[in-house]
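What follows is the residue order along each chain.
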Amino acid sequence: AQNGALKNQRVLITAGGTREALDPVRFLTNRSSGKMGYALAQAAAEAGASVQLITTINRNVAYSVKTIMVESTQEMYDQVMSHVPDSDIFISAAAVADYRPAQKADQKIKKTDDNNMTINLVKNPDILAEVGRHKRQQYVVGFAAETQDLLAYADAKLKTKGADMLVANDVSRSDIGFSSDDNQVVVLTASHEPQYLPVQSKLDTARAIIQLIAKEYN
Ligand code: C5P
């Protein structure tokens, strides 16, 4: 359903799981499918926004959405920071790796006689928290995937990340979240009681989130 709820608004969205290289042929990543980020991009475009997507995953989008492909958290961070000044709304739907290998080997890492191998990890920048800390007029939306104490963790994240809205889902359930087509989320803002959305497709979840963002932002 097309509507004008975000007409003339510029929406920046991250999607997918970041990939952290160990060497030229190996990386650490996670199970994110990018579906939620793409659904949000479509829903925002349907609502009349101009949409810039920064993503690790290439999927089809029915609407006109500008897309930049990235791999690592650092690349995603750099792209977000360069686009956020020209955005009105930032939605952080990507599953960002908290840590990356301390070094990326120039050549493929070889097997040795040693039975153990240790990978040293260093912390990545927190893209959402950085945007939350430095935001000007932007409305900032984060996601939280939790396996326990959903509301408590999500509420803490709303504050520590400087977000205006936090969308939380329980990923311990296999029927919703990650690669599944359906999702059920609870939406937190500073000024409202938690709002539970029904189990529905990721696209319908995204449409509902976009309408809530439009209502809060306008
Ligand atoms: O802290 P946690 O990873 O649970 O927070 C999830 C939210 O923070 C998501 O919106 C995710 O996109 C964002 N995030 C980020 N950069 C990180 C870690 C998480 O933008 N390094």
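Residues numbered from 1 in each chain as written. Predicted model: local features only at pLDDT ≥ 70, side-chain atom pairs only at ≥ 80, totals over all residues. Heavy atoms only, no water.

*Asks:* A description of the site of the ligand should follow, citing residues and the corresponding values.
*Replies:* Within the structure, the ligand sits among Ser-92, Ala-94, Val-96, Asp-98, Pro-125, Asp-126, Ile-127, Leu-128, Gly-142, Phe-143, Lys-157 and Lys-161. Contact distances for the ligand include 2.7 Å between an oxygen atom and a backbone N or O atom of Ala-94. Contacts to the ligand include Asp-126, whose side-chain N or O atom sits 3.5 Å from a nitrogen atom. Relative to its unbound accessible area of 450 Å², the ligand is 86% covered by the protein chains. By residue class, the composition of the shell around the ligand is 6 nonpolar, 2 polar and 4 charged. (Near = heavy atom within 4 Å. Polar contact = N/O pair within 3.5 Å; in protein donor to acceptor, adjacent residues only side chain to side chain. Areas by Shrake-Rupley, 256 points an atom, 1.4 Å probe, with all protein chains shown as cover. Nonpolar A, V, L, I, M, F, W, Y, C, P; charged D, E, K, R; others polar.)

*Asks:* Just give me the short version of the sheet that holds strand S4 (residues 50-55), but keep the residues and values in it.
*Replies:* One open sheet holds the 8 strands; their spatial order is S5-S4-S1-S6-S9-S10-S12-S13, and the pairing between them is mixed. Looking at strand neighbours, the two that pair on one side only are strand S5 (66-69) and strand S13 (195-196), the edges of this open sheet. Pairing between strand S6 (residues 89-92) and strand S9 (residues 139-146): 4 bridges, direction parallel. Opposite Phe-90, over in S9, you have Val-140 as the bridge partner. (Pairing = 2+ DSSP bridges. Helix = DSSP H or I, 4+ residues; strand = E, 2+ residues; numbered from the N terminus.)

*Asks:* I'd like a description of the pattern of salt bridges, backed by residues and values.
*Replies:* Pairing of side chains with opposite charge becomes possible as their charged atoms draw close. The full count for this structure, using the stated rule, is 9 salt bridges. In this structure, Asp-88 and Arg-10 form a salt bridge, with 3.1 Å as the shortest nitrogen-oxygen distance. Pair noted here: Asp-88 is in the loop between helix H2 (73-83) and S6 and Arg-10 is in strand S1 (residues 10-15), with a separation of 78 residues, a long-range link. A salt bridge links Asp-126 to Lys-161; its shortest N-O distance comes to 2.6 Å. (Salt bridge = Lys/Arg side-chain N within 4 Å of Asp/Glu carboxyl O.)

*Asks:* Describe the side chain of Glu-20, with residues and values.
*Replies:* Turning to its location among the elements, Glu-20 is positioned in strand S2 (residues 20-23). Lacking a salt bridge, the buried Glu-20 has Arg-100 as its closest oppositely charged neighbour, with an N-O distance of 5.6 Å. A distance of 2.5 Å separates the side chain of Glu-20 from the side chain of Thr-73, its partner in a polar contact. (Buried < 20%, exposed > 50% of the residue type's maximum accessible area, 1.4 Å probe, protein only. Lys, Arg positive; Asp, Glu negative; His and termini not counted.)

*Asks:* So, the pairing of S4: which residues are in play, and what are the values?
*Replies:* The two faces of a sheet get side chains in turn, since along a regular strand they alternate between them. The buried fraction of S4 is high, at 5 of 6 residues. Where S1 meets S4, 6 bridges bridge the pair, whose relative direction is parallel. Across the sheet, Leu-12 pairs through a bridge with Gln-52, a residue of S4. Two elements, S4 and S5, share 4 bridges in a ladder whose sense is parallel. Across the sheet, residue Thr-55 finds its bridge partner in S5, namely Met-69.

*Asks:* Please provide a residue-by-residue account of helix H5 (residues 202-217), values included.
*Replies:* Under the 1.5 Å per step criterion, the end-to-end length of H5 is 22 Å for 16 residues, consistent within 8% with the ideal 22 Å. When we look at burial in H5, the residues that qualify are Lys-202, Thr-205, Ala-206, Ile-209, Ile-210, Leu-212, Ile-213 and Ala-214. (Expected span 1.5 Å × (residues − 1).)

*Asks:* How would you sum up the UniProt feature "binding site: CTP" (unreviewed entry) in the protein? Please name residues and give values.
*Replies:* Mapped onto this numbering, the UniProt entry annotates "binding site: CTP" (unreviewed entry) at Asp-98, Lys-108, Pro-125, Asp-126, Ile-127, Leu-128, Phe-143, Lys-157 and Lys-161. The named residues occupy 64 residues along the chain; their greatest pairwise C-alpha distance, 37.9 Å, places them well apart from one another. Mapped onto the fold, Asp-126 is located in the loop between strand S8 (121-123) and helix H3 (127-134). Polar contacts involving the side chain of Asp-126 include one to the main-chain amide nitrogen of Leu-128, which spans 3.3 Å. (UniProt positions renumbered as here; feature names shortened; annotations may be inferred.)

*Asks:* Please give an account of the nonpolar core that cites residues and values.
*Replies:* Nonpolar side chains in soluble globular proteins tend to be buried together. Ranked by size, the top nonpolar core spans 33 residues in total, and within it Leu-6, Leu-40, Ile-91, Ile-210 and Ile-213 carry the most contacts. Of all elements in the fold, only S1, helix H1 (35-46), S4, S6, S9, strand S10 (165-170) and H5 reach the threshold of two or more residues within this core. Setting aside residues up to four positions removed in sequence, Leu-6 forms contacts with Val-11, Ala-44, Ala-47, Gly-48, Ala-49, Ile-89, Ile-210 and Ala-214. Core analysis: the second largest hydrophobic core is formed by 22 residues, Ile-54, Val-131, Val-140 and Ala-168 among them. (Core = buried A, V, L, I, M, F, W, Y, C linked by side-chain atoms within 4.5 Å. Contact = heavy atoms within 4.5 Å.)

*Asks:* Account for the pairing of S10, with residues named and values stated.
*Replies:* With 5 of 6 residues buried, S10 lies mostly within the body of the structure. Sheet analysis places S9 next to S10, joined by 6 bridges and oriented parallel. Counterpart to Glu-146 in the pairing with S10 is Asp-170. You can see the chain leave S9, run along helix H4 (residues 150-160) and come back into S10, and the turn it takes is right-handed. Bridge analysis of S10 against strand S12 (residues 186-189) gives 4 bridges, and the strand direction is antiparallel. Within S12, the position partnered with Val-167 by the bridge is Val-187. (Right-handed = clockwise from strand over helix to strand, strands pointing away.)

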